[in-house]
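Residue-level structural notes
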Amino acid sequence: MSDARIMRLALCFLPLICALAQAQSPAPLRADLTPSLVVAGSPELLRITAPNAVSIDGDWLGRKIQFFPARDHRAWLAVAGVDVEAPAATSTLQIHIHLANGAVHDLTQSIAIHAAHYRTGTLTVPPKFVSPNPDELKQIDADRTLKDKIFAVSANRPLWSGSFRVPVVAPPTDSFGTRRTFNGKLASIHKGMDFRAPSGTVVRASNSGTVALARPLYYEGNCVVLDHGLGLYTVYLHFSRIDVHEGQQVAAGSPLGLSGATGRVTGPHLHWAVRWQGAYLDPAKLLRLPLPANP
Ligand SMILES: [Zn+2]
């Protein structure tokens, strides 16, 4: 047999040889982030290929990542993210994979966080929202305590199913991350997405979850918070009417109430925010995140 024929024969069998080699060695442990380019305010879907893992611990910039096994049992998944105020720098994504044989595999890696180019803006609101009186300060304090309590208790499994969807039929504004001045003195970062919804527009759950909060607050006005599990929440502000109660389970698309102009607003709109383990994430980016159904 000529050298050329031997080479052709070997090439024919190459895919088979490779497939056999793959079947014998376990799949390499690896972490994939979607989207792969991480910017301040990015929600991220983490997929860890680790078929023999019994559990995975994760931590990113001091926030605990809670993984759950994918349906095919070949990978573990988590929704995580980087806060809108995170500096553009290299971060450490800690991942420890606990294998069935008791071994712990360290898959920790460096992730570059890129700057997002958010805008600046100025707003004028009633003076009581910039210089609250002692009674109003008391209510703001009570609201903060309540919110801390709500955000500390999330379901221990994902309650969402499939990708998130827009909560209202109204034009969105590109306002997430804008650095704003209120009445020329109070500076803050806008940590949500505003929709120009006239008062009375139906607001719907952007995914399935449990109503963690449904009541009036000082700045937020009539406010609804949905818990989607594992530290992920969506927040809806300024309702004219709330139609759900705390503890209620809601399906994606089910009505939560009607939009309005309650709380610190310049006019009627829906403010929609996404919060994960205390980090505020860009809702527009969450809408584009491909998430599996019935995780
Ligand atoms: Zn807003």
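Please refer to the structure placed before this passage.
These lines cover the structure that appears in this document, whether it is placed above or below.

Calculation criteria
Within each chain, residues carry numbers counting from 1 in the order of the written sequence. Local features are withheld for residues below a pLDDT of 70 in this predicted model, meaning they are given only at 70 or higher, and side-chain atom pairs are given and counted only at 80 or more; totals for whole chains, interfaces and linings count all residues. The side-chain numbers reported here are obtained from all heavy atoms of the structure, hydrogens and water having been left aside. Counted as donors are the N, O and S atoms within 2.8 Å of the metal, or 3.2 Å for Na, K and Ca, while water is not among the atoms, so some sites may look incomplete. Note on conventions: DSSP H or I runs of at least 4 residues are helices, E runs of at least 2 residues are strands, and numbering of each starts at the N terminus. Buried residues are those whose accessible area, probed at 1.4 Å on protein chains only, stays under 20% of the maximum for their type, while exposed residues exceed 50% and partly exposed ones sit between those limits. Any two strands with at least two DSSP bridges between them are considered paired. The definition of a polar contact used here is a pair of N or O atoms within 3.5 Å, where within protein one atom must be able to donate a hydrogen and the other to accept one, and adjacent residues in sequence count solely through side-chain atom pairs. Whether two residues are in contact is decided by their heavy atoms, any of which lying within 4.5 Å being enough.

Let us now look at the coordination of the zinc ion. Looking at the zinc ion, one finds its protein donor set to be His190 (NE2), Asp194 (OD) and His271 (ND1), positioned 2.0 to 2.2 Å from the metal centre. Look at where the donors of the zinc ion fall in the sequence and you get H-x3-D-x76-H. Here His190 is found in the loop between β13 (186-189) and β14 (193-195), whereas its partner His271 is found in strand β22 (residues 270-276), with 81 residues between them in sequence. Neither His190 nor His271 differs from the other in exposure class; each is buried.

Turning our attention to the sheet that holds strand β3 (residues 43-49). Taken in spatial order, the 4 strands make up an open sheet running β1-β3-β7-β6, and their pairing is antiparallel. Across the chains shown, the open sheet's two edge strands, defined by having one partner strand only, are β1 (30-34) and β6 (68-69). Examined bridge by bridge, β3 and strand β7 (residues 75-81) share 7 bridges and lie antiparallel to one another. The residue bridging Ile48 from the neighbouring strand is Trp76, located in β7.

Attention shifts here to the sheet that holds strand β21 (residues 255-258). Reading across the sheet, the 3 strands line up as β15-β21-β19 and stay open at both edges, with antiparallel pairing between neighbours. Of all the strands in the sheet, just β15 (202-204) and β19 (241-242) have a single pairing partner and so form its edges. The sheet contact formed by β15 and β21 spans 3 bridges and is antiparallel. Across the sheet, residue Val203 finds its bridge partner in β21, namely Gly257.

Next up on the list: the side chain of Ser208. Its place among the elements puts Ser208 in the loop between β15 and β16 (209-217). Overall, Ser208 belongs to the buried group, its relative accessible area being 16%. Reaching out from Ser208, the side chain makes a polar contact with the backbone oxygen of Leu159 at a distance of 2.7 Å. For Ser208, the side chain forms a polar contact with the side chain of Asn207, separated by 3.5 Å. Excluding its chain neighbours within four sequence positions, the residues that come into contact with Ser208 are Leu159, Trp160, Ser161, His228, Val250, Ala251 and Ala252.

Just geometry here; none of it tells us what the structure is for.
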